[in-house]
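# Examination of the molecular architecture
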Amino acid sequence: MDGTTRARLDAALAADDIWSALFALTEEAPADLPAAVEARYGQASKDERRHLSWLLWCAGERGDPALLRLLGVSGGDSAEDLLRTAVHRQLQLPEAELNRLAKELGAVEPLVDAMGLSRDPGFAPFLGALLSHQTLGGRAALALGRLGAREWTIPIARRLPGLTGLEHGAFVVALELLDDPAAIPHLLRELEEKRAPAGDVHHALVALTGQDPLLPLAPPNGNCSEFLHRVWSERRIDSRYPPAVGPVTPYSPRHARFILDDGRGRIRIDYDPPTPGSSWPRWDKSLRIDGEPVYHVGSDCDTCETTMSLLGWPPRAARKRANRLRTALADIDDLGAGVLDAAAPLIEELPTGHYRAHLADLALERVSDPEASWWARRHELRVDAEQYSGDALDDWPGTDHFQLRDRIPGETPTYGVLLPSQPLDAPDAETVARYTSAIAAGRRPAALALAWVEDVCVQAEHDERFLVAAILDGHHKLAAYAESGIPARVLLLSRAEDNRGPEEGWSVAFGEVMGRL
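Below, the structure is looked at part by part. (Residues numbered from 1 in each chain as written. Predicted model: local features only at pLDDT ≥ 70, side-chain atom pairs only at ≥ 80, totals over all residues. Heavy atoms only, no water.)

Glancing now at the overall build of the protein chain. A count of helical and extended segments in the protein chain gives 21 helices and 14 strands. Taken over C-alpha atoms, the radius of gyration comes to 26 Å for the protein chain, in line with the 24 Å a tight globule of 517 residues would show. C-alpha extents for the protein chain along the principal axes are approximately 75 × 60 × 40 Å. By the burial criterion, 52% of the 517 residues in the protein chain qualify as buried. Within the protein chain, contacts between residues at least 6 apart in sequence are counted, and of these 68% link residues at least 24 apart. When the accessible surface of the protein chain is totalled, it reaches about 23000 Å², and 49% of it is carbon and sulfur. The averaged location of the 78 negative side-chain charges in the protein chain is 5 Å from the averaged location of its 55 positive side-chain charges. (Helix = DSSP H or I, 4+ residues; strand = E, 2+ residues; numbered from the N terminus. Rg over C-alpha atoms; globule rule 2.2 N^0.38 Å. Buried < 20%, exposed > 50% of the residue type's maximum accessible area, 1.4 Å probe, protein only. Contact = heavy atoms within 4.5 Å. Areas by Shrake-Rupley, 256 points an atom, 1.4 Å probe, with all protein chains shown as cover. Lys, Arg positive; Asp, Glu negative; His and termini not counted. Charge placed at Lys NZ, Arg CZ, Asp CG, Glu CD.)

Dropping the structure here:
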């Protein structure tokens with residue numbers, strides 16, 4: 001271990017602005033920082049140990065061995081703090097270690113979370129006994145859900161009537177994690193007895209039944225529970241309902257509305273399983289294709305930054321499905337001639353909802369440099385914002401993508417980005433060349449993308465909008481358009497329920513953005 005790193009660590013712990021000093025140390029990330037933290041831990045005060053545990057969390061995999069060694073010899077508050085860090089790192093701890101900590105600490109939050117991560121069904125009885133605990137019941141239910149302990153489905157479901165708020169949400173999400181049809185009658189009873197929050201129960205019923213009935217954007221008379229009860233009571237839970245694309249209502253040659261009932265949801269934005277250690281049973285969301293998370297989308301928070309982060313590419317089979325569309329989208333000027341009918345096989349793979357279709361011409365550029373991306377440039381362009389001094393990689397979505405060359409006009413700063421669903425770094429040159437020739441000859445092949453608008457007020461200070469689109473088909477077309485400098489023709493499908501912002505965001509924000517393209 002370099003004595004310089006130990007000296008810098010000591011200086012950071014003694015600094016007046018300790019968090020800035022520690023953060024600077026993590027930014028530089030010396031290779032021997034975990035060793036320095038481990039050596040310093042034994043002589044540290046209680047507060048200093050919390051800071052040191054945080055440094056190990058920031059070190060990621062490099063810090064895990066030191067974290068586990070310290071946890072193995074610690075007790076009391078230090079053990080609880082280190083255990084919490086291990087949970088945030090989502091480490092799987094050995095049975096013997098968890099049993100030791102249970103005797104040492106008793107039932108505490110990080111222990112419950114760690115047992116849920118253990119994959120050891122032997123902890124289920126300990127967790128089941130905590131379901132009625134005043135503060136740990138929800139965590140215990142989620143831990144049982146992560147263990148897949150279906151013998152606890154009914155005990156978890158039976159507790160729903162006495163719960164409210166986040167605890168009710170945690171028990172409902174636990175039933176989703178268990179994926180046990182035995183929970184369905186209990187969830188239906190929650191709607192029948194009109195207990196809130198009904199939205200959580202509806203989400204769980206969709207997950208457990210495979211059915212996804214269409215709901216109005218606003219429930220009649222504002223009574224969500226009563227309406228949801230009526231919707232679900234009219235359905236046969238043991239049946240399968242085929243997707244139904246409603247009548248297309250055009251309101252201009254390039255704009256139309258339609259509804260989708262009982263969509264398959266194989267391409268969807270949905271909540272992630274809750275993060276161990278978090279108090280929120282539903283928070284983060286991802287764009288998923290055929291069950292695989294492709295991009296982390298963020299959360300429902302309307303004061304948070306708009307972010308997208310690549311998680312992985314979807315299965316190749318999902319890309320092949322789009323081949324059916326290419327004839328219909330080979331050269332289009334409007335939404336006539338059965339364009340949306342031809343798109344129906346892919347539309348049916350989307351989740352149930354209220355949709356708008358827009359055929360737009362977008363002046364695009366391909367972005368490979370994080371500094372050139374709107375994700376970084378937005379900071380510099382905010383009104384009254386200080387000059388951006390952050391790392392552009394912090395906001396980089398993790399892959400080359402396309403973006404609008406200019407901001408979208410309007411009072412609110414608005415940016416447009418199109419993110420790929422397959423890598424852009426190895427396009428088929430022959431295919432791009434074929435589209436380039438067609439575009440030069442005056443043809444306008446269209447790409448297809450799932451789009452939404454995030455209308456937020458970042459940190460309650462900066463109004464900002466992002467038109468975000470995930471490319472479902474047409475990566476080579478967009479590459480050809482970007483190279484040629486000709487605006488790219490894109491068919492954008494947008495689901496009202498995915499657009500983030502105030503309640504009027506669907507009718508105002510998205511409509512305004514599309515009207516200015």
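Once the structure has been displayed, the description carries forward.
With that settled, consider the sheet that holds strand S4 (residues 267–271). Across the sheet, 4 strands lie side by side as S4-S5-S6-S7; this open sheet has antiparallel pairing. A single partner strand is all that each edge strand has here, and the edge strands are S4 and strand S7 (309–310). The sheet contact formed by strand S6 (residues 292–298) and S7 spans 2 bridges and is antiparallel. Looking across to S7, one finds that His296 is bridged to Ser309. (Pairing = 2+ DSSP bridges.)

The next subject is the packing of helix H7 (residues 95–105) against helix H8 (residues 109–117). Put simply, H7 and H8 touch, their axes get as near as 11 Å, and they point 160 degrees apart. As judged from the angle between their axes, H7 and H8 are roughly antiparallel. When the axes of H7 and H8 are compared, the crossing they make is left-handed. Residue-level inspection shows Leu98, Leu101 and Ala102 of H7 in contact with H8, the latter providing Leu111, Ala114 and Met115. (Axes fitted to C-alpha atoms, helices over the stretch in contact; angles between N-to-C directions. Parallel < 35°, antiparallel > 145°, perpendicular 65-115°, else oblique. Left-handed = near helix turned anticlockwise from the far one by under 90°.)

Moving on, we come to a negative patch on the surface. A contiguous patch of negative charge on the surface is contributed by Glu27, Asp369, Glu371, Glu380, Asp391 and Asp394. Its location among the elements puts Asp369 in the loop between strand S9 (364–367) and helix H18 (374–381). According to the relative accessible area criterion, Asp369 is partly exposed, its value standing at 41%. (Patch = residues over 30% accessible without salt bridge, like charges linked within 9 Å, V, L, I, M, F, W, Y side chains within 5 Å. Salt bridge = Lys/Arg side-chain N within 4 Å of Asp/Glu carboxyl O.)

Right, let's talk about the pattern of salt bridges for a bit. A complete count under the given rule lists 36 salt bridges for this structure. For Arg465, the salt bridge goes to Asp455, with nearest N and O atoms at 3.3 Å. Here Asp455 lies in strand S12 (residues 447–458) and Arg465 lies in strand S13 (residues 462–473), a separation of 10 residues in the sequence. Summarising the burial analysis for this pair, Arg465 and Asp455 share the class buried. One salt bridge connects Asp473 with Lys477, and the closest N-O pair in it is separated by 3.8 Å. Here Asp473 and Lys477 have matching classes, each one buried. Because the salt bridges share partners, they merge into one network encompassing Glu305, Arg378, Arg382, Asp395 and Glu464.

Below, the discussion takes up the pairing of strand S10 (residues 401–404). Of the two faces of S10, the one carrying His401 and Gln403 and the one carrying Phe402 and Leu404 are both buried. The sheet contact formed by S9 and S10 spans 4 bridges and is antiparallel. When the sheet's bridge partners are listed, Leu364 is paired in S10 with Leu404. Bridging between S10 and strand S11 (residues 414–419) involves 2 bridges; their strand directions are antiparallel.

Most peptide bonds adopt trans geometry, and most residues besides glycine take a negative phi value. The backbone of Arg119 sits at a positive phi, close to 65 degrees, despite the residue not being glycine. Relative to the assigned elements, Arg119 resides in the loop between H8 and helix H9 (124–128). Even without glycine at this site, Asp262 takes up a positive phi of about 55 degrees. Assignment of secondary structure puts Asp262 in the loop between strand S3 (255–261) and S4.

Looking now at the packing of aromatic side chains. The geometry of an aromatic ring pair comes down to the distance between the two centres and the angle between the two planes. The tally for this structure, following the rule as stated, stands at 6 aromatic pairs. A ring pair is formed by Tyr415 and Phe466, whose centres lie 5.2 Å apart and whose planes are at 45 degrees; its orientation type is tilted. With a gap of 51 residues between them, Tyr415 in strand S11 and Phe466 in strand S13 connect regions that are remote in the sequence. Take Tyr415 and Phe466: they sit in the same class, and that class is buried. Over the face of the ring belonging to Tyr435 we find Arg434, whose NZ or CZ atom lies 5.6 Å from the ring centre. (Phe/Tyr/Trp six-rings, centres within 6.5 Å; stacked < 30°, edge-to-face > 60°. Lys NZ or Arg CZ within 6 Å of the ring centre and 35° of its normal.)

Before going further, it helps to spend a moment on the pairing of S12. Counted residue by residue, S12 has 11 buried out of 12 residues, so it is predominantly covered. As judged from the 5 bridges shared by S12 and strand S14 (residues 488–495), these two strands associate in the parallel manner. From the neighbouring strand, Ala451 faces S14, where its bridge partner is Ser494. Where S12 and S13 come together, 11 bridges link them in antiparallel fashion. Within the sheet, the bridge partner assigned to Trp452 lies in S13 and is Val468. In textbook terms, the turn of a hairpin is the stretch between consecutive antiparallel strands, and for S12 and S13 this stretch comprises 3 residues, one of which, Gln459, has a positive phi near 55 degrees.

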